[in-house]
Amino acid sequence: MSVQEDGAAGPEPEILRRHDSLYGDAEKVSNNKRHGAGGSWARTLQLAFQSIGVVYGDVGTSPLYVYSSTFPNGIKHPDDLVGVLSLILYTLILIPMVKYVFIVLYANDNGDGGTFALYSLISRHAKIRMIPNDQTEDANVSNYSIEAPSSQLRRAEWVKQKLESSNAAKIALFTITILGTSMVMGDGTLTPAISVLSAVSGIREKAPNLTQSQVVWISVAILFVLFSVQRFGTDKVGYTFAPVISVWFLLIAGIGMYNLTVHEITILRAFNPKYIVDYFRRNGKEAWVSLGGVVLCITGTEAMFADLGHFNIRAIQLSFTCVLFPSVALCYMGQAAYLRKFPENVSDTFYKSIPAPLFWPVFVVAIMGAIIASQAMLSGAFAILSKALSLGCFPRVEVVHTSNKYEGQVYIPEVNFLIGAASVAVTLAFQTTANIGNAYGICVVTVFSITTHLMTVVMLLIWKVRLPFIAAFYAAFGLAEFLYLSSILSKFAEGGYLPFCFSLVLMALMATWHYVHVKRYWYELDRVVPAAETTALLARRDVRRVPGVGLLYSELVQGIPPVFPRLVDKIPSVHAVFVFMSIKHLPVPRVAPAERFIFRHVVGADDAGHRLFRCVARYGYTDPLEGAKEFAAFLLDRLKVFVHEEAVFACSQRAGGDNDDDDEMRRAQAMAEEEKRLIDAEAERGVVYLMGEANVTAAAGSSVMKRIVVNYVYTFLRKNLREGHKALSVPKDQLLKVGITYEI
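Residues numbered from 1 in each chain as written. Predicted model: local features only at pLDDT ≥ 70, side-chain atom pairs only at ≥ 80, totals over all residues. Heavy atoms only, no water.

1. Description of the overall build of the protein chain
And then number 1: Of the regular secondary structure elements, the protein chain holds 26 helices and 8 strands.
And then number 2: Long-range pairs, those at least 24 residues apart, make up 83% of the contacts in the protein chain with a sequence separation of at least 6.
And then number 3: Working note: accessible area of the protein chain is about 30000 Å², and carbon and sulfur atoms make up 60% of it. (Helix = DSSP H or I, 4+ residues; strand = E, 2+ residues; numbered from the N terminus. Contact = heavy atoms within 4.5 Å. Areas by Shrake-Rupley, 256 points an atom, 1.4 Å probe, with all protein chains shown as cover.)

2. Section: the pairing of strand 7 (residues 687–697)
And then number 1: As defined by bridge partners, strand 3 (residues 544–553) adjoins strand 7 across 5 bridges and the pair is classed as parallel. Within the sheet, the bridge partner assigned to Leu 551 lies in strand 7 and is Tyr 689.
And then number 2: Two elements, strand 7 and strand 8 (residues 735–743), share 9 bridges in a ladder whose sense is parallel. For Ala 694, the partnering residue across the bridge sits in strand 8 and is Ile 740. (Pairing = 2+ DSSP bridges.)

3. Focus: unusual backbone geometry
Across residues other than glycine, the phi torsion is negative in most instances, and most of the peptide bonds are trans.
And then number 1: At Lys 464, a position not held by glycine, the phi torsion is positive, near 55°.
And then number 2: For Lys 464, the position within the fold is in the loop between helix 18 (433–463) and helix 19 (467–489).
And then number 3: Overall, Lys 464 belongs to the buried group, its relative accessible area being 19%. (Buried < 20%, exposed > 50% of the residue type's maximum accessible area, 1.4 Å probe, protein only.)

4. Regarding the confidence of the model for the protein chain
And then number 1: Mean pLDDT over the protein chain stands at 79; residues scoring 70 or higher make up 83%.
And then number 2: In the model of the protein chain, helix 1 (residues 13–16) stands out as the element of lowest mean pLDDT, 36, in contrast to helix 5 (residues 78–101), which has the highest, 94.
And then number 3: When the criterion is pLDDT under 50, residues 1–38 qualifies, and its contacts beyond four places in sequence or with other chains add up to 100 contacts. (pLDDT = per-residue confidence, 0-100.)

5. Points about the side chain of Lys 99
And then number 1: Mapped onto the secondary structure, Lys 99 falls in helix 5.
And then number 2: Given the relative accessible area of 0%, Lys 99 is considered buried.
And then number 3: Side-chain polar atoms of Lys 99 contact the side chain of Thr 452, separated by 2.6 Å.
And then number 4: Among the polar contacts made by the side chain of Lys 99, one reaches the side chain of Glu 481 at a distance of 2.6 Å.
And then number 5: Beyond its immediate chain neighbours, meaning those up to four positions away, Lys 99 contacts Leu 94, Val 104, Phe 448, Thr 451, Thr 452, Phe 473, Phe 477 and Glu 481. (Polar contact = N/O pair within 3.5 Å; in protein donor to acceptor, adjacent residues only side chain to side chain.)

6. Comments concerning the packing of helix 7 (residues 154–165) against helix 18
And then number 1: Where helix 7 meets helix 18, the axes come as close as 7 Å, and the angle between the chain directions of the two elements is 120°. Compared by their axis directions, helix 7 and helix 18 come out oblique. Mapping the contact onto sequence places Arg 155, Ala 156, Val 159, Lys 160 and Leu 163 in helix 7 and Val 457, Leu 460 and Leu 461 in helix 18.
And then number 2: Residues of the contact of helix 7 with helix 18, tallied by class, amount to 6 nonpolar, no polar and 2 charged. (Axes fitted to C-alpha atoms, helices over the stretch in contact; angles between N-to-C directions. Parallel < 35°, antiparallel > 145°, perpendicular 65-115°, else oblique. Nonpolar A, V, L, I, M, F, W, Y, C, P; charged D, E, K, R; others polar.)

7. Section: the packing of helix 12 (residues 285–294) against helix 19
And then number 1: Contact geometry of helix 12 with helix 19 gives a least axis separation of 7 Å together with a crossing angle of 100°. The pairing of helix 12 with helix 19 is recorded here as roughly perpendicular in orientation. Residues Trp 288, Val 289, Ser 290, Leu 291, Gly 292 and Val 294 of helix 12 touch helix 19, and the partners they reach there are Leu 483, Tyr 484, Ser 486, Ser 487 and Ile 488.

8. Some remarks on the sheet that holds strand 6 (residues 612–619)
And then number 1: Taken in spatial order, the 6 strands line up as 5-6-4-3-7-8 in an open sheet, and their pairing is mixed. Pairing within the sheet leaves two strands with one partner each, and these edge strands are strand 5 (597–601) and strand 8. Pairs of neighbouring strands in the sheet enclose a mean axial angle of 25°, with direction left out of account.
And then number 2: Examined bridge by bridge, strand 3 and strand 4 (residues 573–585) share 8 bridges and lie parallel to one another. In the sheet register, Arg 545 faces strand 4, and the bridge partner there is Val 574.

9. Regarding the packing of aromatic side chains
And then number 1: Here the structure, examined in full by the defined rule, presents 23 aromatic pairs.
And then number 2: Each ring, one from Tyr 56 and one from Phe 320, has its centre 6.3 Å from the other, and the planes form 55°; the classification is tilted. Here Phe 320 lies in helix 14 (residues 313–341) and Tyr 56 lies in the loop between helix 2 (41–55) and helix 3 (57–60), a separation of 264 residues in the sequence. Pair check on accessibility: Tyr 56 and Phe 320 agree, each one buried. (Phe/Tyr/Trp six-rings, centres within 6.5 Å; stacked < 30°, edge-to-face > 60°.)

10. Regarding the pattern of salt bridges
And then number 1: In the structure shown here, the tally under the stated rule is 16 salt bridges.
And then number 2: The partner of Lys 99 in a salt bridge is Glu 481, and the shortest N-O contact between them spans 2.6 Å. Here Lys 99 is found in helix 5, whereas its partner Glu 481 is found in helix 19, with 382 residues between them in sequence. Each member of the pair, Lys 99 as well as Glu 481, carries the same accessibility label: buried.
And then number 3: Across the pair Lys 160 and Glu 164 runs a salt bridge whose closest N-O atoms are separated by 3.0 Å. Of this pair, Lys 160 and Glu 164 both sit in helix 7, 4 residues apart, which is roughly one turn of that helix.
And then number 4: Ionic contacts of the salt-bridge type, sharing partners, join the residues Asp 79, Glu 264, Arg 269 and Arg 340 into one network. (Salt bridge = Lys/Arg side-chain N within 4 Å of Asp/Glu carboxyl O.)

11. Observations concerning the environment of Phe 280
And then number 1: Mapped onto the elements, Phe 280 comes out in helix 11 (residues 274–283).
And then number 2: Between the C-alpha atoms of Phe 280 and Gly 83, which are 197 residues apart in sequence, the distance is 8.3 Å.
And then number 3: Filtering out sequence-adjacent residues up to four positions away, Phe 280 remains in contact with Leu 87, Ala 287, Trp 288 and Leu 291.

12. Here's the deal with the environment of Asp 58
And then number 1: Here Asp 58 lies in helix 3.
And then number 2: Spatially, the C-alpha atoms of Asp 58 and Ile 298 are 8.5 Å apart, while their sequence positions differ by 240 residues.

13. Some points on helix 18
The periodicity of an α-helix, 3.6 residues per turn, causes residues three or four positions apart to be oriented the same way.
And then number 1: Most of helix 18 is tucked away, with 27 of its 31 residues classed as buried.
And then number 2: Phi for Lys 464, located one or two positions after helix 18, is positive at around 55°.

14. A closer look at the environment of Thr 321
And then number 1: The residue Thr 321 is located in helix 14 in this model.
And then number 2: Among the residues examined, Thr 321 registers a relative accessible area of 28% and is labelled partly exposed.
And then number 3: In the structure, Thr 321 is positioned 228 residues away from Ile 93 in sequence and 9.8 Å away in space, judged by C-alpha atoms.
And then number 4: Here Thr 321 is in contact with Met 97, Phe 102 and Pro 326, once residues within four sequence places are set aside.
And then number 5: In this structure the side chain of Thr 321 is engaged in a polar contact, spanning 2.7 Å, whose partner is the backbone oxygen of Gln 317.
And then number 6: Of the polar contacts made by the side chain of Thr 321, one reaches the backbone oxygen of Leu 318; its length is 3.5 Å.

So this is what it looks like as structure tokens:
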């Protein structure tokens, strides 16, 4: 592809220099602040209140089932309650508070959190992505914020070099990232099942004739309603849910204080960690196995990080330390105090420990809290999958952005149906919260462990923290999470296998899609059409220019895609204004609209009459794609700005950098205005979207595994999931597809 090169020598050659195609053209940056970034304490308090409804529904409803899951066979020794309570309290302090609230939240990706946010953060400091998607102009967008590693810190440089030179390291990082995503999806499936089933089970206190099977079917009905209303979105999720969860926290804290004062205040000795040691000495292997129930007290912790983009760090820290922790800690202490007198009620601790006059209010709020907990996890799962989709790690599906205010509020119909069906199936199959808890715990702790490993890379590569602190972080949290995970894995045959089966299927799907996506990209990159061939195509006598604007979509960020000559051969015509269009997703949350498009002439300014342009539209992984009409209008507006700037630039080159040549400048501006009018006129005649319909097959001589993955699995996914033009909201009556086969 030919480009405008440096002009005549002038007094300011560096300012006027044009580098390679699409490089160095993003000087215009903005300071758009994301929702919840900084601000006054009043704003922080407002966000902290909203976060109560969005973030803590899951971890706040854990008291419904923790003790029943920890003691499935009953309480054998009275002091076991003290040991388990001590485990619960220190687990809450160690992992959610110390690790997440005061460490992990600071590893956000320009305000966004989650597994993919950590991966994208690392990928901007080391070239670990398998598609060459990093360019100079991308580092200039206002949300990119790259810091070059200091040459004085050799360790960071060494880590960077090892990551970039090792395919095994790149694959390992990608694998644990999609494993974390798969486990979050499993969490989104199991949270509704265990939360709703636990809450509904309380009705048997007032209706003892109800069988467990009937309770299950009531839960299924609620789940059906829950998944049916997902399409309406959660635009006002913070203010709608926060009051309900706030009432829930007040109720469980008050009931906890009541049980402490009425039953046994001495349970507070659980703050002495020696009771943990005594518990393990007394029970040995059984104590280790019971950790699988204890860890359920921190389910939903990952939501604090994943939903950070809607709030800010101070808001999360404030709401956790001042609202969540005191409330749930009091609830667990009150339940332990109650069980000291009534250990036989451990299978239904929460509802048995409620004072009789408060039963129905608490039951109603518990049902609402369980639904809210499910809603929050589903919203988080949708948001994470939309990020995976943007980074080319998930097949095309419809992503509906349900809010203009909260970027992360998305809804994915196909995924919602699959998660809903899986959640109902799990509820019907497992029947009780104990078995569901075995599967649930594996999802939770696996995500914790993956976050610990990615955080260690962040500390080494980006934060450049001292080694003793990194070692302490990895040892403390890695060991704790290993103990919990090993305990849960002991119940693999009792439900623990479920998230592994689910994750293996989802990982295989994501890995297959990404593998072929990368191979296809490199195939096209190796076969870009040379500039001379493009010029020859346009010069052919049988090729005519037809009215209108043509947008040819391609995965390539640079170069003319191989589908273009095929198009010209089949239909020897090119639209009067023709744009080679690429949608590029950067590993940042958002790209400001002013920085969205980068343009270049396919041929030089002297051949501007060809009106062939190269355009890259850049999106962050939380940016929604506009509708076709809005996208075309925005693109053509920015194209006209580019044409004007190019005319001024060319004039400055011809004048040798002398801007006093007013006549030359006026002529250039007049030409630019004429070009802009022509673009408007062609836009009025219509916009046509052109796409290559690539049939990807394994090359001759490929292995059996590769042929299965490419020819069958990938082809099945591509044909049965959302097509490219639907994902980009391209209207059918303006779409033209060109068939081509790639052998990879």
